[in-house]
Amino acid sequence: MFRTAARSFAIILFAACWGSGLALAAATLSGTVVDSLHRPLPGVTLLLRRDGPPAMERGVVTGVSGTFLFADLPPGRGYRLRATLSGFGTVEFSDLLLPDGESLPPLEVVLRPSEEAREVVRVRGESETIDTQSVVTSTRFSSEFIAGLPLLGRDYQDILTLAPGVSDVNETGNPNIHGARSTDVVTLVDGVSTTDPLTGFFGQ
């Protein structure tokens, strides 16, 4: 009876040990946190989370060598690793897979200064094209601007001197533009020249 009971106990013990070997072995996650020059960063807070199943959350802080280690982790996917340090931008790894009984190759987490990690919003817009081959300058008056001026009559010459560099000292109606002769002026109204071809002065 005693020998039979001992044999039965040995079989049960062997079955328990064999059954535990079929259970999922724990996984580990390790790595190093460095800056942009690959220098180790101590004092970095790393938070490892998994929503489940099973749900878990662990945190570690890097030492002088910048290394970290998470041991005895349930294998599977869905892990998220977040690294934070004051003065540096936050880095996060998502959907990490930890294999059964194995360790991932050591991660290298690179943290960059906050000013380099800022979000940049690019707005695409249209800008005026600058012709570097031309020295022509122009001034435009809108119809709304002209309608608001206290002008007598409908002579366009009354508003020409409002443009920069334009003057009419003799008040002849033929302006002087940046020192050029008054007869060198060509005035177009709705694309049609109003300059008298004989005298060079303004016409009807």
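Residues numbered from 1 in each chain as written. Predicted model: local features only at pLDDT ≥ 70, side-chain atom pairs only at ≥ 80, totals over all residues. Heavy atoms only, no water.

Draft legend 1. Quick peek at the overall build of the chain. The helix and strand tally for the chain stands at three helices and 11 strands. Its helices and strands in sequence order give the chain the pattern α-β-β-β-β-β-β-β-α-α-β-β-β-β, from N to C terminus. The 204 residues of the chain split such that 21% are buried. The long-range fraction of contacts in the chain, counting pairs at least 24 apart against all pairs at least 6 apart in sequence, stands at 49%. Within the structure as shown, the chain displays about 15400 Å² of accessible surface, and the carbon and sulfur contribution to it stands at 57%. (Helix = DSSP H or I, 4+ residues; strand = E, 2+ residues; numbered from the N terminus. Buried < 20%, exposed > 50% of the residue type's maximum accessible area, 1.4 Å probe, protein only. Contact = heavy atoms within 4.5 Å. Areas by Shrake-Rupley, 256 points an atom, 1.4 Å probe, with all protein chains shown as cover.)

Draft legend 2. Geometry of the side chain of R50. Positionally, R50 belongs in strand β2 (residues 45–50). Buried charge without a partner: R50 forms no salt bridge, and the closest opposite charge is D95, 8.7 Å away. Here the side chain of R50 touches R77 through a polar contact of 3.2 Å, landing on its backbone oxygen. Here R50 is in contact with A55, M56, P74, P75, G76, R77, G78 and Y79, once residues within four sequence places are set aside. (Lys, Arg positive; Asp, Glu negative; His and termini not counted. Salt bridge = Lys/Arg side-chain N within 4 Å of Asp/Glu carboxyl O. Polar contact = N/O pair within 3.5 Å; in protein donor to acceptor, adjacent residues only side chain to side chain.)

Draft legend 3. How the structure looks around the confidence of the model for the chain. Averaged over the chain, the pLDDT score is 75; the fraction of residues at 70 or greater is 75%. Across the chain, β2 holds the top mean pLDDT of 93, while helix α1 (residues 2–22) sits lowest at 43. Low pLDDT (under 50) marks residues 1–22, which in the prediction has zero contacts with non-local residues, meaning those over four places away or in another chain. Counted against residues more than four places away or in other chains, residues 119–126, with its pLDDT under 50, gives zero contacts. (pLDDT = per-residue confidence, 0-100.)

Draft legend 4. The arrangement of the pattern of salt bridges in detail. Per the stated rule, a full pass over the model turns up five salt bridges. Residue R77 pairs with D95 through a salt bridge whose shortest N-O separation is 3.8 Å. Of the two residues, R77 sits in strand β5 (residues 76–84) while D95 sits in strand β6 (residues 91–98), which places them 18 residues apart along the sequence. Owing to a relative accessible area of 49%, R77 belongs among the partly exposed residues under this scheme. The exposure class of D95 is partly exposed, given its relative accessible area of 48%. We note a salt bridge from R82 to E92, for which the minimum N-O separation is 2.8 Å. Highlighted residues: R82 in strand β5 and E92 in strand β6, separated in sequence by 10 residues. In this structure R82 comes out as partly exposed when scored by relative accessible area, which is 38%. Of the residues examined, E92 reaches a relative accessible area of 38% and is grouped as partly exposed.

Draft legend 5. Structural context of the nonpolar core. Ranked by size, the top nonpolar core spans 19 residues in total, and within it L29 and L81 carry the most contacts. Mapped by element, the contributors of at least two residues to this core are β1 (27–34), β2, β4 (67–73), β5, β6 and β7 (107–110). With near-sequence residues (within four places) excluded, L81 lies in contact with L29, L46, L47, L48, F68, F70, V91, E92, F93, L96 and L107. (Core = buried A, V, L, I, M, F, W, Y, C linked by side-chain atoms within 4.5 Å.)

Draft legend 6. Spotlight on the pairing of β7. Because side chains alternate across β7, one face comprises the buried residues L107 and V109, and the other comprises E108 and V110, none of which is buried. Pairing of β1 with β7 involves four bridges; the strand directions are parallel. For T32, the partnering residue across the bridge sits in β7 and is E108. (Pairing = 2+ DSSP bridges.)

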